[in-house]
Amino acid sequence: MRILITNDDGIHADGLRTLERIARALSDDVWVIAPETDQSGASHSLTLSLPLRVRPVADKTYAVRGTPTDCVIMGVRHILDRAPDLVLSGVNRGQNLGDDVTYSGTVAGAMEGTLLGIRSIAFSQCFSKETRDAPHYATGEALAPDLVRRLLAIDTPAGTLLNVNFPDRPAEGVRGVKVTRQGRRNPDLVEIEPREDGRGIPYYWIAFRRAPYEFEPETDLKAVADGFISVTPLRLDLTSDAFLDRLSGALA
C-alpha cells in the first residue's frame, strides 16, 4: 500500500513526524509532501498567483511552498510515479471539530485526496491550556494504526473523507472510538482583539475564547470532550438535500 502524508503545520511539525510513524506502521511505501511553512487556517485553498517551489528534504520527502491542497496535487500529479492508495493528513496540532473543518488545512488535505479519488483521512490532536506546549501526540501514534486498519476494511462512499480527532489525554485514558456527526460551536466565542504597533497604527487578532459550552450529543465536540476518539464522515457534496425540493418549488 502506498501512502501519501501531508499536513498544514508545515514540514518541520512534530505532528507530521508522528503521522509518518503511524504510516510506517501500515506500509513501507510512505511519501511525505508537506508545506514549507505553517498553513493553519488555509482551508481548501490553491496557490494560483505564485509559482510552486518544491524542495527535496529526504528520501520520499518534499517541502512545497504552498498549501496542503497544493501538496496533495503535486504529489499525485507530479512527484509520485503512480497515485497513492491512501492519503493521510495531520496530525494537526489542535482539534478540528465542528465548524473548524471549514477552516482547516489539515481537513483540506484529505478533501483534495478525496477529490482525486483516493481514500483519505484527516487526523488532529486536541490540547488544552495545560497541554498546549506538549500535545499528546503519543496517543495518536499508539492508537491510529489499528484504527486505520479498521477504517480501511469498511467501504467508504465516493466523495467521503474521514475526520479523526484524538482527545486531550494519554492513550491509556482514551475511552474508545465514537462515530459522530459534525457539531456546531457557539459563534459568540469568536472575538476581535485590537492592538497598536510601535507607531500607533492599529492591527487586530482574531481569537477564540474558551468558555463552558454544552455540546450536542452524538457530535464530534461531545465525543472528544468525553474522552473518546471522534471519527466523522464528511462528504464533499455540500448540497442541502433537505432544502432542495422546497427551493425548487418556490422558484418554479
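Presented here is an overview of the structure given in this document. (Residues numbered from 1 in each chain as written. Predicted model: local features only at pLDDT ≥ 70, side-chain atom pairs only at ≥ 80, totals over all residues. Heavy atoms only, no water.)

What to know about empty space enclosed by the protein
All chains considered together, the criterion is met by one cavity of 30 Å³ or more. Space inside the largest cavity adds up to approximately 50 Å³. Around the largest cavity sit Arg 119, Ser 120, Ile 121, Leu 152, Thr 156, Thr 160, Leu 161 and Leu 162, which together line it. Within the residue set of the lining of the largest cavity, elements represented by two or more residues are β6 (119–125) and β7 (160–166). Here the residues of the lining of the largest cavity sort into four nonpolar, three polar and one charged. (1 Å grid on protein atoms, 1.4 Å probe; cavity = no way out; pocket = protein on both sides within 12 Å on 5 of 7 lines; lining within 4 Å. Points joined across faces, edges and corners; volume = space filled by probe spheres on them. Helix = DSSP H or I, 4+ residues; strand = E, 2+ residues; numbered from the N terminus. Nonpolar A, V, L, I, M, F, W, Y, C, P; charged D, E, K, R; others polar.)

Concerning the side chain of Thr 114
In this structure, Thr 114 sits in helix α3 (residues 105–115). By relative accessible area, Thr 114 is classed as buried at 9%. (Buried < 20%, exposed > 50% of the residue type's maximum accessible area, 1.4 Å probe, protein only.)

As for a nonpolar patch on the surface
A surface patch of nonpolar side chains, amounting to about 700 Å² of accessible area, comprises Tyr 103, Val 190, Ile 192, Tyr 204, Ile 206 and Phe 208. Those elements that place two or more of their residues in the nonpolar patch are β9 (190–196) and β10 (202–208). Element by element, the count of residues in the nonpolar patch is highest for β10, at three residues. Mapping Tyr 103 onto the fold places it in the loop between β5 (86–93) and α3. (Patch = residues over 30% accessible without salt bridge, like charges linked within 9 Å, V, L, I, M, F, W, Y side chains within 5 Å. Areas by Shrake-Rupley, 256 points an atom, 1.4 Å probe, with all protein chains shown as cover. Salt bridge = Lys/Arg side-chain N within 4 Å of Asp/Glu carboxyl O.)

Some thoughts on the nonpolar core
Counting 29 residues, the largest nonpolar core has Ile 5, Leu 88, Ile 121, Phe 123 and Val 164 as the members making the most contacts within it. Residue assignment for this core shows that the elements contributing at least two residues are β1 (2–6), α1 (14–24), β2 (29–35), β5, β6, α4 (137–152), β7 and β11 (229–235). Considering every element that reaches this core, the biggest residue donor is α4, with five residues. Sequence-distant contacts of Leu 88, that is, excluding residues within four places in its chain, are made with Ile 3, Leu 4, Ile 5, Thr 6, Leu 19, Ala 23, Ile 121 and Phe 123. Counting 12 residues, the second largest nonpolar core, distinct from the first, contains Val 72, Val 76, Ile 79 and Ile 118. (Core = buried A, V, L, I, M, F, W, Y, C linked by side-chain atoms within 4.5 Å. Contact = heavy atoms within 4.5 Å.)

What about the sheet that holds strand β4 (residues 61–64)?
Strands sit in the order β3-β4-β2-β1-β5-β6-β7-β11-β8 across an open sheet of nine strands; the sheet is mixed. Every other strand in the sheet has two partners, leaving β3 (54–58) and β8 (177–179) as the edge strands with one partner each. Put simply, the sheet's adjacent strands are angled 20 degrees from each other on average, direction ignored. Two elements, β8 and β11, share three bridges in a ladder whose sense is parallel. Bridged to Lys 178 within β11 is Ser 230. (Pairing = 2+ DSSP bridges. Axes fitted to C-alpha atoms, helices over the stretch in contact; angles between N-to-C directions.)

Details of the packing of aromatic side chains
One pass over the full model with this rule turns up one aromatic pair. With centroids separated by 6.0 Å and ring planes inclined at 5 degrees, the aromatic side chains of Phe 123 and Phe 166 adopt a geometry described as stacked. Placement of Phe 123 in strand β6 and of Phe 166 in strand β7 is noted, with a sequence separation of 43 residues between them. In this pair, the class of Phe 123 matches that of Phe 166, namely buried. Above the ring of Phe 228, the side-chain terminus of Lys 178 is found at 4.4 Å from the ring centroid. (Phe/Tyr/Trp six-rings, centres within 6.5 Å; stacked < 30°, edge-to-face > 60°. Lys NZ or Arg CZ within 6 Å of the ring centre and 35° of its normal.)

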